[in-house]
Amino acid sequence: MSQQNLWLIVDDDAAFLQILQRSLARQDIEAVPATTGAEALALIEARDFGRCVLDLNLAGESGLQLLPELLARRPDLEILVLTGYGSIATAVEAMRRGAINYLCKPVTVHQLVTGFEPLDAPPELRPEPPSVEEMEWEHIQRILNEHDGNISATARALNMHRRTLQRKLQKHSRWRS
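Described in the following lines is the structure provided in the data block.

Analysis parameters
Residues numbered from 1 in each chain as written. Predicted model: local features only at pLDDT ≥ 70, side-chain atom pairs only at ≥ 80, totals over all residues. Heavy atoms only, no water. Axes fitted to C-alpha atoms, helices over the stretch in contact; angles between N-to-C directions. Helix = DSSP H or I, 4+ residues; strand = E, 2+ residues; numbered from the N terminus. Parallel < 35°, antiparallel > 145°, perpendicular 65-115°, else oblique. Contact = heavy atoms within 4.5 Å. Nonpolar A, V, L, I, M, F, W, Y, C, P; charged D, E, K, R; others polar. Salt bridge = Lys/Arg side-chain N within 4 Å of Asp/Glu carboxyl O. Buried < 20%, exposed > 50% of the residue type's maximum accessible area, 1.4 Å probe, protein only. 1 Å grid on protein atoms, 1.4 Å probe; cavity = no way out; pocket = protein on both sides within 12 Å on 5 of 7 lines; lining within 4 Å. Points joined across faces, edges and corners; volume = space filled by probe spheres on them.

## Brief notes about the packing of helix 4 (residues 88-96) against helix 6 (residues 132-146)
When two helices pack together, you describe them by how their axes are tilted relative to each other and by the distance separating the axes.
Piece 1. Following both chains from N to C, one finds helix 4 and helix 6 inclined at 40°, their axes separated by 7 Å at the closest point. Taken as axis vectors, helix 4 and helix 6 run oblique relative to one another. Counting all contacts with helix 4, which are made through Ile 88, Ala 89, Thr 90 and Glu 93, the residues of helix 6 involved are Glu 138, Gln 141, Arg 142 and Asn 145.
Piece 2. Taken together, the residues of the contact of helix 4 with helix 6 break down into two nonpolar, three polar and three charged.

Written out as structure tokens, the structure reads:
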């Protein structure tokens, strides 16, 4: 099996991993699941993966923190970050840390596979400016990233009650799902 057809898929949702693993198998791609950062690091040492699909939020762990650790162990690994909580701030940070692409859930297997391919042309820009809600979400995500996902520290930095921040994050996750 070629290195490009051996993928590490890292997500804390076991049902999603199982569905993704079966869907990739239909594309002749062997996918090995991991539900934690420690499990992913152990697997990366044991197998010669060519590609990795990495969830941004791993049950309290940060995929952004795990990304450079994976690349330190396997510098030629192509990592695509997948998230249900997309923002420009985290996309930029993921790319800065070495990801080759960043996609928001839900995605199709075709989108995942093509997400590893180079772009033929630059993506189209939105014709309208972002809404106030989208700008607020981007700002929250940037501050959350600066505080390594710590909700309490982020709430303090935003001068906002922690529960208010949690409600905003939960509300937005329903928009994205």
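## Some thoughts on the pattern of salt bridges
Opposite charge on two side chains permits pairing when their charged atoms draw close.
Piece 1. Evaluated as defined, the whole model comprises seven salt bridges.
Piece 2. Across the salt bridge formed by Arg 47 and Glu 30, the nearest N and O atoms sit 3.0 Å from each other. Of this pair, Arg 47 sits in the loop between helix 2 (37-46) and strand 3 (51-55) while Glu 30 sits in strand 2 (residues 30-34), and the two are 17 residues apart along the sequence.
Piece 3. Its relative accessible area of 31% is what places Arg 47 among the partly exposed residues.
Piece 4. Looking at Glu 30, the relative accessible area reads 31%, which means it is partly exposed.
Piece 5. Taken together, the shared-partner salt bridges connect Glu 93, Arg 96 and Arg 97 into one network.

## Brief notes about empty space enclosed by the protein
Piece 1. Following the criterion strictly, the structure yields one cavity of 30 Å³ or more and no others.
Piece 2. The space that makes up the largest cavity amounts to roughly 30 Å³.
Piece 3. If you go around the largest cavity, the residues you meet are Ile 9, Val 10, Asp 11, Phe 16, Leu 17, Leu 20, Val 53, Leu 54, Asp 55 and Leu 82.
Piece 4. Among the elements of the structure, strand 1 (6-10), helix 1 (14-25) and strand 3 are those that each provide at least two residues to the lining of the largest cavity.
Piece 5. The residue inventory of the lining of the largest cavity, partitioned by class, reads eight nonpolar, no polar and two charged.

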